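Structure assessment
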Amino acid sequence: MYDCSTKSNEDNIRDVRAMVEYAHSRGCILVAAAGNEGSDKEYAGKMSYPASYDHVISVGAYGQDGLICSFSQYNDALDVVAPGDALTLVGNGPNGYVNDAGTSFACAYVSAAAALCRAVQPEGQALDGDELAKLLEYALGSARDPHYGYGKLFLPELLEIADGPVALGVSD
């Protein structure tokens, strides 16, 4: 499992692309924050790397109102959104807590969900990133959208379908 919150708006980092390919070839699930440029006119809607690479689960953020956060980067590579706004975190604020927001926090939810999905797989099965992406697509049940991906992370449904073998390339 690899959770990544660093990013670039250009696909020019050969070492990062090579790392993604290597990790994927070893069965690693790669989850990356889509970025916080959704309201930046220069970068909004553009691909963001490594989140936009093949074999990487790209994560955006939604708020307590259920709507996409204005800062959440969007593009055709976005896979899923998770809570990422008005989060109370341990920090240097009053009473040891701070409020913060960002796709990096949403990414942590999806990484945890990926670990749980892997944990419920039948013995001898090892869920990989492409299989997790297919599970997200199936569990969330909506067509891919540049702002929501396949939809909002919903752990109960995801875990229910993760408790079994996953076959890629099979259709109804």
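Look up a bit, the structure's there.
About the thresholds
- Residues numbered from 1 in each chain as written.
- Predicted model: local features only at pLDDT ≥ 70, side-chain atom pairs only at ≥ 80, totals over all residues.
- Heavy atoms only, no water.
- 1 Å grid on protein atoms, 1.4 Å probe; cavity = no way out; pocket = protein on both sides within 12 Å on 5 of 7 lines; lining within 4 Å.
- Points joined across faces, edges and corners; volume = space filled by probe spheres on them.
- Helix = DSSP H or I, 4+ residues; strand = E, 2+ residues; numbered from the N terminus.
- Nonpolar A, V, L, I, M, F, W, Y, C, P; charged D, E, K, R; others polar.
- Salt bridge = Lys/Arg side-chain N within 4 Å of Asp/Glu carboxyl O.
- Buried < 20%, exposed > 50% of the residue type's maximum accessible area, 1.4 Å probe, protein only.
- Phe/Tyr/Trp six-rings, centres within 6.5 Å; stacked < 30°, edge-to-face > 60°.
- Lys NZ or Arg CZ within 6 Å of the ring centre and 35° of its normal.

1. Some thoughts on the layout of surface pockets
When its volume is computed, the second largest pocket comes out at roughly 240 Å³. His-55, Val-56, Asp-79, Ala-133 and Arg-144 are the residues nearest the centre of the second largest pocket, which is lined by 16 residues in total. Every element with two or more residues in the lining of the second largest pocket is listed here: strand E3 (56-62) and helix H3 (129-140). The biggest single contributor to the lining of the second largest pocket is H3, with 5 residues. A class-by-class count of the residues in the lining of the second largest pocket yields 7 nonpolar, 3 polar and 6 charged.

2. Comments concerning the pattern of salt bridges
Throughout the structure, instances matching the rule amount to 2 salt bridges. In this structure, the salt-bridge partner of Asp-79 is Arg-144, at a minimum N-O distance of 2.5 Å. Of the two residues, Asp-79 is situated in the loop between E3 and strand E4 (80-83) and Arg-144 in the loop between H3 and helix H4 (155-162); the sequence distance between them amounts to 65 residues. Judged by its relative accessible area of 7%, Asp-79 falls in the buried class. One salt bridge in this structure joins Glu-137 and Lys-134, with 3.1 Å as the shortest N-O distance. Within this pair, Glu-137 and its partner Lys-134 are both found in helix H3, separated by 3 residues, close to a single helical turn.

3. Section: the packing of aromatic side chains
Centre distance and the angle of the planes are the two values used to describe a pair of aromatic rings. Evaluated as defined, the whole model comprises 1 aromatic pair. When the ring of Tyr-49 is compared with that of Tyr-53, the centres are 4.8 Å apart and the planes differ by 45 degrees; the resulting orientation is tilted. Neither Tyr-49 nor Tyr-53 differs from the other in exposure class; each is buried. When the ring centre of Tyr-62 is taken as reference, the NZ or CZ atom of Lys-152 above it lies at 5.1 Å.

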